[in-house]
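The primary structure of each chain is shown beneath.
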Amino acid sequence: MMQYLKTIGDAYTGYWNYLVYEITHPQVHNYFYWLLGLSVLVWGLEVVIPWRKYQKPIRRDFWLDGFYMFFNFFLFSLIGYNALSNVGVELFNQLLGQLGIENLVALEVQALPSWVQLFVMFLIADFIQWNTHRLLHRVPWLWEFHKLHHSVKEMGFAAHLRFHWMETIVYKTIQYIPLAMIGFGIQDFFIVHIITVLIGHLNHANLNWSYGPLKYILNNPKMHIWHHAKEMPETHPYGINFGISLSIWDYLFGTAVIPKDGKDIELGFEEDETYPEDFMGQMAEPFKK
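This write-up is about the structure you can find in this document.

The rules behind these values
Residues numbered from 1 in each chain as written. Predicted model: local features only at pLDDT ≥ 70, side-chain atom pairs only at ≥ 80, totals over all residues. Heavy atoms only, no water. Axes fitted to C-alpha atoms, helices over the stretch in contact; angles between N-to-C directions. Helix = DSSP H or I, 4+ residues; strand = E, 2+ residues; numbered from the N terminus. Parallel < 35°, antiparallel > 145°, perpendicular 65-115°, else oblique. Left-handed = near helix turned anticlockwise from the far one by under 90°. Contact = heavy atoms within 4.5 Å. Nonpolar A, V, L, I, M, F, W, Y, C, P; charged D, E, K, R; others polar. Buried < 20%, exposed > 50% of the residue type's maximum accessible area, 1.4 Å probe, protein only. Patch = residues over 30% accessible without salt bridge, like charges linked within 9 Å, V, L, I, M, F, W, Y side chains within 5 Å. Areas by Shrake-Rupley, 256 points an atom, 1.4 Å probe, with all protein chains shown as cover. Salt bridge = Lys/Arg side-chain N within 4 Å of Asp/Glu carboxyl O. Lys, Arg positive; Asp, Glu negative; His and termini not counted. Charge placed at Lys NZ, Arg CZ, Asp CG, Glu CD. 1 Å grid on protein atoms, 1.4 Å probe; cavity = no way out; pocket = protein on both sides within 12 Å on 5 of 7 lines; lining within 4 Å. Points joined across faces, edges and corners; volume = space filled by probe spheres on them.

**A word on the packing of helix H2 (residues 31-48) against helix H7 (residues 190-204)**
One can describe the packing of H2 onto H7 by two numbers: an axis separation of 10 Å at closest approach and a directional angle of 30°. Taken together, H2 and H7 sit at an angle that is classed as roughly parallel. Once H2 is placed against H7, the crossing between them reads as right-handed. For the pair formed by H2 and H7, the contact residues are Tyr31, Trp34, Leu35, Leu38, Ser39, Val42, Leu45 and Glu46 on the first element and Phe190, His193, Ile194, Val197, Leu198, His201, Leu202 and His204 on the second. For the contact of H2 with H7, the per-class residue count stands at 11 nonpolar, 4 polar and 1 charged.

Now the structure itself:
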């Protein structure tokens, strides 16, 4: 027990020190200022070349979504996720040890060039996230948590990170074993993470972009707006366009649907009129179900 208490204590102090250092020491490899900079950049694009010109730059729930960005990106880890995940990894490794498994790696990629390792990790992680996203729509109790992300009524870049903290646990748990089975030799996946943040911001932005032929590979605002449509096609009652960074999975597996221009479609889900509009209410809502 003392071992786990020490792990929790070290996680709290370690993450607090990391967060303070991030804010007080701006540098190239700094998530805090990259998130801030990318957010200002994409918001600026929304202001200068908006798709829905009637939508105000400070749209509905702009500040709430801004808070969600920093809560899910930083504060949630400080509150407890980092500590609990460290304990979970330690327990999992001990279980493997009891089963006589010393090394979970099934595929060694360390001999590959760094850029190939990064590309392989990006592809695998995105495919796992695509499948996890589908689960969030198909499994009723998971959908109760995912509803928060679909409670957005006016789309903007910050809606990207409006989601319930339980989603972080679900995504990370499902991703852990597949990614652990691949022997990546790179410790710093900073560039991959920054690219996914930028793509996610753009997908939710008030921008009339589809990237031309690249739309079949990259997720984009004109495609993702349909994922948030309140009314789903009869052929896809559980949702469409599940892509996170890449759209290719949706085209390959038949979940890519863009019926028409989605500029003015209604967003949300059935009976969202009664969904809480404040942070604490939205955090508690799934547990009431």
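**Brief notes about unusual backbone geometry**
One non-glycine residue, Tyr211, adopts positive backbone phi at about 70°. Relative to the helices and strands, Tyr211 is located in the loop between H7 and helix H8 (221-227). On the accessibility criterion, Tyr211 (27% relative accessible area) is partly exposed. Unusually for a residue other than glycine, Asn241 sits at a positive phi of about 50°. Note that Asn241 resides in the loop between H8 and helix H9 (248-253). Taking the relative accessible area as the measure of exposure, Asn241 reaches 1% and is therefore buried.

**What about a negative patch on the surface?**
On the surface, a cluster of negative charge is contributed by Glu231, Glu234, Glu270 and Glu271. Mapped onto the fold, Glu270 is located in the loop between H9 and helix H10 (279-288).

**Topic: the layout of surface pockets**
When its volume is computed, the second largest pocket comes out at roughly 290 Å³. Looking at the second largest pocket, it is lined by 18 residues, and the ones nearest its centre are His137, Trp143, Met232, Pro237 and Phe269. Elements supplying a minimum of two residues to the lining of the second largest pocket: helix H4 (114-138) and helix H5 (140-146). Of the residues belonging to the lining of the second largest pocket, the class tally is 8 nonpolar, 6 polar and 4 charged.

**Notes on the pattern of salt bridges**
This structure, assessed with the given rule, holds 10 salt bridges. The salt bridge partner of Arg162 is Asp65, with a shortest N-O separation of 2.5 Å. Of the two residues, Arg162 sits in the loop between H5 and helix H6 (165-180) while Asp65 sits in helix H3 (residues 62-98), which places them 97 residues apart along the sequence. There is no split in this pair, since Arg162 and Asp65 are both buried. Ionic pairing is found between Lys153 and Glu266, a salt bridge with its closest N-O pair at 3.8 Å. Taken together, the residues span a long stretch of sequence, with Lys153 in the loop between H5 and H6 and Glu266 in the loop between H9 and H10 at a distance of 113 residues. For Lys153, a relative accessible area of 24% puts it in the partly exposed group.

Read these as layout, nothing more, since geometry by itself doesn't imply function.
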